[in-house]
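In case you want the letters, here they are:
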Amino acid sequence: GALVYQYPRRTICKSGTSMRMECQAVGFQATSVAWYRQSPQKTFELIALSTVNSAIKYEQNFTQEKFPISHPNLSFSSMTVLNAYLEDRGLYLCGARDRGGGAETLYFGSGTRLTVL
Amino acid sequence: QQQVRQSPQSLTVWEGETTILNCSYEDSTFDYFPWYRQFPGKSPALLIAISLVSNKKEDGRFTIFFNKREKKLSLHITDSQPGDSATYFCAASEGGFASALTFGSGTKVIVLP
């Protein structure tokens, strides 16, 4: 079956430091990967959409300078939260879509919960 | 601008009742509408989904009703169980491999035994 492994599951970092999270697609080819953040008591905000062989598209309020993303092949994507501060805490999710698949073939990782001290 | 709206924000029902969750959207290019369920401390998991070609989608106790003209959907959970207590998110996308989901703000459901 198709799975997305996301790690770490939880991470704690000091204010002003950076942390990186990774997603590994297993059993399918992740043509596109979307990164979301769920802040406390909020819904899921799209941070950026990464499609292999295309430029990464960041949503308003999110920048490459703050959330650099790497999507080097069809099975791996990573995102870094640079200079994390309190407002960056939350649950970060990657959602990977199968090659040529429709919207129904979106697989979510288990999430990375970021706590900033 | 919130493109996908959900109501109510929270809802409490008794075991055995039918839970009704509402969702509406604005973007006419959306053509796929999944509902996700999230338990506390967990990631969302796909529950049921519908596309523009259907007016209704049923899966066990879960049914989506879709009014395309009004751009409204509703999720009905029949015979609600305490284990259904969770936050439910309506989402929408344009479909195709190069699109992401736009999520609603969620409805927190509590089912009392």
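Residues numbered from 1 in each chain as written. Chains lettered and ligands numbered in written order. Predicted model: local features only at pLDDT ≥ 70, side-chain atom pairs only at ≥ 80, totals over all residues. Heavy atoms only, no water.

A. Looking closely at the overall build of chain B. Across its full length, chain B holds 0 helices and 11 strands. Sequence-ordered secondary structure for chain B, helices as α and strands as β, is β-β-β-β-β-β-β-β-β-β-β. Over its C-alpha trace chain B gives a radius of gyration of 13 Å, about what one expects of a compact globule, namely 13 Å for 113 residues. Among the 113 residues that make up chain B, the fraction classed as buried is 42%. When contacts within chain B are restricted to residue pairs at least 6 apart in sequence, long-range pairs at least 24 apart make up 53% of them. If you sum the accessible surface of chain B, you get close to 5,500 Å²; carbon and sulfur atoms cover 50% of it. In chain B, the 11 positive side-chain charges and the 11 negative ones have mean positions that sit 2 Å from each other. (Helix = DSSP H or I, 4+ residues; strand = E, 2+ residues; numbered from the N terminus. Rg over C-alpha atoms; globule rule 2.2 N^0.38 Å. Buried < 20%, exposed > 50% of the residue type's maximum accessible area, 1.4 Å probe, protein only. Contact = heavy atoms within 4.5 Å. Areas by Shrake-Rupley, 256 points an atom, 1.4 Å probe, with all protein chains shown as cover. Lys, Arg positive; Asp, Glu negative; His and termini not counted. Charge placed at Lys NZ, Arg CZ, Asp CG, Glu CD.)

B. Here's a closer look at unusual backbone geometry. The omega torsion of the bond from Tyr7(A) to Pro8(A) falls at 0°, within 30 degrees of zero and hence cis. With respect to the helices and strands, the residue Pro8(A) is situated in the loop between strand E1 (3-7) and strand E2 (10-13). At Asn83(A), a position not held by glycine, the phi torsion is positive, near 45°. Tracing the backbone shows Asn83(A) in the loop between strand E8 (76-81) and strand E9 (90-98). Here Asn83(A) falls in the partly exposed class, since its relative accessible area comes to 44%. With phi around 50°, Asp79(B) is a residue other than glycine that occupies positive phi space. Structurally, Asp79(B) can be placed in the loop between strand E8 (72-77) and strand E9 (86-92). Taking the relative accessible area as the measure of exposure, Asp79(B) reaches 41% and is therefore partly exposed.

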